[in-house]
Amino acid sequence: MSWIRSHRRSLVVLAVAAAVAVAVLATRAGGPRVDTAVVESGPLLHSLVVSGRVQAPNRVEIGATYTGRVERVLVAEGDRVRPGQPLVQLETAELRAALAQAQAAEAAARARLAAVADLSLPQASEGLEQTLAQLRFAEQEHARNRELRDRGFISDARLQDSDRALSVARAQVASARAQQRAQAEGGAQSREAAVRLIEAGAARELAQSRLAQATIRASLEGTVLVRAVEPGDIATAGKRLLVVAAAGETRLSALVDERNLPWLRTGQSALAASEAFPAERFEAQLYYVSPGVDVARGSVEARFRVPKPPASLRSDMTVSIDIEVARRDQAVTLPAAALREDGGGAFVLALREGRAQRVP
């Protein structure tokens, strides 16, 4: 390092001395004055500077699922929100009444199912026992009347009356058995009561869901960008009420001229600064280069991650991005204005012994 500093000092001294000598000679000879430059040795950095914008990872438009009047708006633009946090409250009086009605209908259906099991089934069983007793009496009466008719004590008409009574008793027993089966678990009336209970439960859940939807909540963590609703407004399905920018990694997007595409590689480092706060430079890293080219602009999209964004950075801000595309730790450099070119190639004019000499 001491040798390099000594060498640079020597170069500077020589360049200054040569410049003075040339100036003196030019003054004496009446020739033109010539500016000189010092060849230096050190690191060389090649970078591309492009303009881009700050992008939020995701934007969510929040609205209502049904038409209702807005009662309260619980957030303002710039507020940070978390998942499940209430954002907008719609009026709920009608929905609460509908829920109460659905709960009452469900309670009635449950009571009906219990009544079938606890009341109707015992009654049907008791009715069956009664009809069986009547059937046994009718059978006995018919048998006795048959015997009396055979002995000649009663007429055939009297026997026919007892036969009809026996048929009626048998029909009553069949009906009572069918009634008992209907009231038993798994029977027709029991199944009907169970279906009514399921329907009532579904109606109650629907009313609860509608009431829950009256409180519009955040689905993710983020920042409120737009508040497009105020108390008293009518919220309709599909109408945007709020816009929330999802929290997450800050990213930049820039359009790079397609001529610079060979220099771009994912993983390259960059330094960026917003136009609003140019002194606050921050690091970025190239992670995506679009595989397609914008035909109208002749450019490709490049995206950058910002691991430590400054607090001043806002969504959609314009930023300047300095992309490091090549670096050489040790190189001999000189100003580009000193470089010349002709048919023989690139060259410079070096000051040697008071004369300008061509050096490739």
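See the structure above.
Below you will find a few notes about this structure. (Residues numbered from 1 in each chain as written. Predicted model: local features only at pLDDT ≥ 70, side-chain atom pairs only at ≥ 80, totals over all residues. Heavy atoms only, no water.)

1. Quick notes on the overall build of the chain
Filter applied, for reference: Helix and strand definitions here come from DSSP, where helices need a minimum of 4 consecutive H or I residues and strands a minimum of 2 consecutive E residues; each element is numbered from the N-terminal end. We call a residue buried when its accessible area falls under 20% of the maximum for its residue type, exposed when it is over 50%, and partly exposed in between, using a 1.4 Å probe and counting protein chains only. We call two residues in contact when some of their heavy atoms are within 4.5 Å.
Each helix and strand in the chain was counted, giving four helices and 17 strands. Looking at the chain as a whole, 30% of its 360 residues are labelled buried. In the chain, of all internal contacts separated by at least 6 residues, the share reaching a separation of at least 24 is 71%.

2. Quick notes on the pairing of strand 1 (residues 40-55)
What counts here: Pairing between strands is defined by DSSP: at least two bridges between the two strands are required.
Here strand 1 pairs with strand 14 (residues 318-333) via 13 bridges, running antiparallel. Within the sheet, the bridge partner assigned to Gly-42 lies in strand 14 and is Ala-331. The pairing of strand 1 with strand 10 (residues 250-257) spans four bridges and is antiparallel. Looking across to strand 10, one finds that Arg-53 is bridged to Ser-253.

3. Overview of a nonpolar patch on the surface
Selection criterion: Think of a patch as exposed residues, more than 30% relative accessible area, with no salt bridge, where like charges cluster within 9 Å and nonpolar side chains (Val, Leu, Ile, Met, Phe, Trp, Tyr) cluster within 5 Å. What sets the accessible areas is the Shrake-Rupley method with a 1.4 Å probe; for residues, cover comes only from the shown protein chains. One speaks of a salt bridge when a side-chain nitrogen belonging to Lys or Arg is within 4 Å of a carboxyl oxygen belonging to Asp or Glu.
Nonpolar side chains collect at one region of the surface, where Val-39, Val-332 and Leu-334 lie side by side and expose about 250 Å² of accessible area between them. Accessibility expressed as a relative area gives 64% for Val-332, which makes it exposed.

4. Comments concerning the packing of aromatic side chains
Let me state the cut-off plainly: Stacked, edge-to-face and tilted are the three classes for Phe, Tyr and Trp ring pairs, Trp counted by its six-membered ring, which pair at centre distances within 6.5 Å; planes under 30 degrees apart are stacked, over 60 edge-to-face, the rest tilted. For a ring to carry a charge above it, either NZ of a lysine or CZ of an arginine must fall within 6 Å of the ring centroid while also lying within 35 degrees of the normal to the ring plane.
Per the stated rule, a full pass over the model turns up zero aromatic pairs. Lying across the ring of Tyr-66, Arg-210 places its NZ or CZ 4.7 Å from the centre. Cation over ring: Arg-305 sits above Tyr-287, and NZ or CZ is 4.1 Å from the ring centre.

5. Here we look at the sheet that holds strand 11 (residues 269-274)
Across a sheet, strands are paired by hydrogen bonds formed along the backbone, either parallel or antiparallel in direction. What counts, and what does not: Axes, fitted as lines to C-alpha atoms, cover a helix only where it is in contact. Angles between the N-to-C directions of the axes lie from 0 to 180 degrees.
Pairing within the closed barrel is antiparallel, and its six strands lie in the order 1-10-13-12-11-14. Each strand of the sheet is rotated relative to its neighbour by a mean of 45°, with strand direction disregarded.

6. Notes on the environment of Pro-278
If you trace the backbone, Pro-278 turns up in the loop between strand 11 and strand 12 (282-289). Sequence separation between Pro-278 and Val-319 is 41 residues; the distance between their C-alpha atoms is 8.7 Å.

7. Regarding the pairing of strand 7 (residues 222-227)
Inspection of the sheet shows strand 4 (residues 80-81) paired to strand 7 by two bridges, in the antiparallel sense. Bridge pairing links Arg-80 to Thr-223 in strand 7. Relative to strand 9 (residues 242-246), strand 7 runs antiparallel, the two sharing five bridges. Bridging across to strand 9, Arg-227 finds its partner in Leu-242.

8. With respect to the nonpolar core
We apply this condition: By nonpolar core we mean a set of buried residues, namely Ala, Val, Leu, Ile, Met, Phe, Trp, Tyr and Cys, connected to one another through side-chain atoms within 4.5 Å.
Grouped together as the largest cluster of nonpolar side chains are 27 residues, with contacts concentrated most on Leu-87, Val-88, Leu-90 and Leu-242. Filtering out sequence-adjacent residues up to four positions away, Leu-90 remains in contact with Ala-64, Tyr-66, Gly-68, Arg-69, Val-70, Glu-71, Ala-214 and Ala-235. Judged by nonpolar contacts, the second largest core, of 22 residues, contains Ala-284, Ala-302, Val-306 and Val-325.

9. Quick notes on the pattern of salt bridges
On inspection of all chains with the given rule, the structure shows 14 salt bridges. In this structure, the salt-bridge partner of Arg-305 is Glu-249, at a minimum N-O distance of 3.1 Å. One end of the pair, Arg-305, is in strand 13 (residues 299-306); the other, Glu-249, is in the loop between strand 9 and strand 10, and 56 residues separate them in sequence. Given the relative accessible area of 32%, Glu-249 is considered partly exposed. The salt bridge partner of Arg-303 is Glu-301, with a shortest N-O separation of 3.2 Å. Overall, Arg-303 belongs to the partly exposed group, its relative accessible area being 28%.

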